[in-house]
Amino acid sequence: MAAGIDGTGDDGMGEGTGEGMREGMDDGTGHSVGDGVGGRRHGDGAGPADRARARRRDEAVRAAVECGLLGPGTPLVGLLDVRGIRESAAALREAFEAVVAPGTPVLHAFAVKATPLVPVLRLLHEEGVGAEVASPGELALARAAGVPPAATVLDSPAKTGAELREALELGIAVNADNPQELDRIDALVGSCPSPRSPLGIRVNPQVGGGSIEALSTATATSKFGVALRDEGAREWVVRACLDRPWLTRLHAHTGSQGIPLSLMAQGAARTYALAEEINARAGRRQIDTLDIGGGLPVNFGSEATAPTYAQYARLLAEVVPGLFDGRYGLVTEFGRSLLAKQGTVVARVEYTKSAGGRPVAVTHAGVQVATRTVYAPGAWPLRLAAYDAKGRPKSGPEAVQDVAGPACFAGDLLAEARALPLLEPGDHVAALDTGAYYFAHHYAYNSLPRPGIYGFAPDGSGGVAFATAREPQAPEEIVTEAGGAHASALTTLRASGRP
Ligand SMILES: Cc1ncc(COP(=O)(O)O)c(C=O)c1O
């Protein structure tokens, strides 16, 4: 393997970051991007595991160029660090094992929306992580990956009657989003005293939002769940449970990126308090499981994994001790925090130019793989790393430059005015921390093809092994998906036409 980028030479199996809450970790957004040198100044508390992950990433980029996965004909790839994913899942399991009473049933259900790829779901399943699904497509992916119904949770806010029926027939856990959905579940459950599916109600603890409004699900007016502090809503939830002995769960997802940990913990605390009230009024432990959702923010500003699952689990244990004392089973639904730092999208620099005195590198990664960053760069800045034509970390003096994508609008930029070693045609640029909600979420602007996605791992003899997680999209597939089989449908349409 090539030399590590920081020369520490550790094996990367150690704990990711320091213990305890560090200053600044509770802002929910991590740190600002701009740690420079091609994304390679670790700073900000990167631990041995973080540095090892960065070295594996550098190795994988070099190997991808060397073996031709990445080249003039395939100028864009997504890479997933298989060891990193396993380590991330282990960190999650261990964090909660450390705080729950022995014997507590715990299901970590990966939010499939974060990385909807069957091989990723299979890998996580092998690591003891189930699936949280929010659409028929996501359920199909989880099933294709072999995730069993007992490890699957259905949460969407717009479940159709057919979806509910399927979930109940399969025995998948369902969290009802609203009173109308509960009516539908009533009809499906009928007089059956104990349906196969664990059933719950999603509540909105209304603890407030974080720094990214679009991802704040516990605001006063959020569309999700029953808004607990609205007049009469709490009593409605209590009554709904007392009237239905089969309602045994409460669910709250307080929000995603941008939500401070303290707010997430408050959301869990309010949900716990409601469960206690229901159980007291029922005179038995009717609510036996609390689903605390996902939402652990990811640090997009540096290599450090921060905050960690361990920090969040300890905070929960401090703020809501009763949550972990063994009286409640636990479900979590983390997405971004499991996968973001395990993914990298790498693009070839096709051309370079200068406009208004600023260098511009035109690459093959833009809005199609980094949609949020391109449309909302202030909320979603990404670290970039520069590599040379052979895939080696690029050094040299930095120049402030724009890193552009291939799409035909001016804002299609991975980064504007970013200091990086001056990129040249044939070089490569990597967008880091893109394993969740990025390259697996293709946006088909300009009919740009979905890139191939490859998992990588050490090959056991000093090199890197790759496995295809998703094939690159071929032009014929683009045509098929764009109505290719119906080319004459509109020109031949007559008044009486029916599909
Ligand atoms: C209900 C629910 N659970 C879990 C998640 C995953 O959140 P994150 O990827 O931030 O962990 C989401 C994200 O939208 C969600 O809506």
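Residues numbered from 1 in each chain as written. Predicted model: local features only at pLDDT ≥ 70, side-chain atom pairs only at ≥ 80, totals over all residues. Heavy atoms only, no water.

> Can you walk me through the UniProt feature "domain: Orn/DAP/Arg decarboxylase 2 C-terminal" (unreviewed entry) in the protein chain in this structure?
Within this numbering scheme, the UniProt entry marks residues 341–435 as carrying the feature "domain: Orn/DAP/Arg decarboxylase 2 C-terminal" (unreviewed entry). Between the first and last C-alpha atoms of residues 341–435 the distance is 6 Å; the span itself is 5% helix and 45% strand. (UniProt positions renumbered as here; feature names shortened; annotations may be inferred. Helix = DSSP H or I, 4+ residues; strand = E, 2+ residues; numbered from the N terminus.)

> Help me understand the packing of helix H2 (residues 82–97) against helix H9 (residues 309–319), please; the structure alone is not making it clear to me.
Axis angle and axis distance: for two packed helices, these are the angle between their axes and the distance between the axes, and together they describe the pair. Closest axis-to-axis distance for the H2/H9 pair is 8 Å, and the angle between their directions is 20°. Compared by their axis directions, H2 and H9 come out roughly parallel. Of the two possible hands of crossing, H2 and H9 adopt the one that is right-handed. Each of Ser88, Ala91, Leu92, Ala95 and Phe96 in H2 lies in contact with H9, whose residues at this interface are Tyr309, Ala310, Tyr312, Ala313 and Leu316. (Axes fitted to C-alpha atoms, helices over the stretch in contact; angles between N-to-C directions. Parallel < 35°, antiparallel > 145°, perpendicular 65-115°, else oblique. Left-handed = near helix turned anticlockwise from the far one by under 90°. Contact = heavy atoms within 4.5 Å.)

> Honestly, the side chain of Thr217 in this entry has me stumped. Any pointers?
When you line up the elements, Thr217 lands in the loop between strand E6 (199–204) and strand E7 (226–227). A distance of 2.9 Å separates a polar side-chain atom of Thr217 from the backbone nitrogen of Gly255. Setting aside chain neighbours within four positions, we find Thr217 in contact with Arg202, Asn204, Ser222, Phe224, His253, Thr254 and Gly255. (Polar contact = N/O pair within 3.5 Å; in protein donor to acceptor, adjacent residues only side chain to side chain.)

> In this structure, what is going on with the UniProt feature "modified residue: N6-(pyridoxal phosphate)lysine" (unreviewed entry) in the protein chain? I would like to understand it.
Within this structure's numbering, the places UniProt gives as "modified residue: N6-(pyridoxal phosphate)lysine" (unreviewed entry) are Lys113. Of note, Lys113 is situated in the loop between strand E2 (106–111) and helix H3 (118–126). The class of Lys113 is partly exposed, set by a relative accessible area of 29%. Non-local contacts of Lys113, meaning those with residues more than four positions away in its chain, are made with Glu132, Ala134, Glu138, Tyr437 and His441. (Buried < 20%, exposed > 50% of the residue type's maximum accessible area, 1.4 Å probe, protein only.)

> What am I meant to see in the side chain of Glu181 here?
By the element assignment, Glu181 lies in helix H6 (residues 179–189). With a relative accessible area of 5%, Glu181 lands in the buried category. Side-chain polar atoms of Glu181 contact the side chain of Lys159, separated by 2.8 Å. Among all residues touching Glu181, those that are not within four sequence positions of it are Ser156, Lys159, Leu164, Val174, Asn175 and Ala176.

> Before we go on, may I ask you to explain the domain arrangement of the protein chain in this structure?
It is common to report an interface's size as the accessible area lost on association of the parts. Looking at the protein chain, the domain boundaries give domain 1 (3–11 + 48–81 + 340–475) and domain 2 (83–339). In this structure, domain 1 and domain 2 have C-alpha centres spaced 33 Å apart. Listed by partner, the interface residues are 31 residues for domain 1 and 26 residues for domain 2. Summed over both sides, the interface of domain 1 with domain 2 buries roughly 2,300 Å², with 56% coming from carbon and sulfur. (Domains from an automatic or database assignment. Buried area = accessible area lost by both parts, 1.4 Å probe.)

> Sorry if this is basic, but what is going on with the site of the ligand here?
Around the ligand sit 15 residues, and of these Ser256, Gly295, Glu333, Arg336 and Tyr437 come closest. At 2.8 Å from an oxygen atom of the ligand is found a side-chain nitrogen or oxygen belonging to Ser256. Arg336 places a polar main-chain atom, nitrogen or oxygen, 2.8 Å from an oxygen atom of the ligand. Contact with the protein chains hides 91% of the accessible area of the ligand, taken as 390 Å² for the molecule alone. For the shell around the ligand, a count of residues per class yields three nonpolar, six polar and six charged. (Near = heavy atom within 4 Å. Areas by Shrake-Rupley, 256 points an atom, 1.4 Å probe, with all protein chains shown as cover. Nonpolar A, V, L, I, M, F, W, Y, C, P; charged D, E, K, R; others polar.)

> Even after reading the chapter, I still don't get the pattern of salt bridges, so can you show me in this structure?
Two side chains with opposite charge may pair up if their charged atoms get near one another. Under the counting rule described, the total for this entry stands at 29 salt bridges. Of the charged contacts in the structure, one is a salt bridge between Glu127 and Arg86, with a shortest N-O distance of 2.7 Å. Separated by 41 residues along the polypeptide, Glu127 in the loop between H3 and strand E3 (130–133) and Arg86 in helix H2 bring together distant segments of the chain. Residue classification places Glu127 among the buried positions, given a relative accessible area of 15%. (Salt bridge = Lys/Arg side-chain N within 4 Å of Asp/Glu carboxyl O.)

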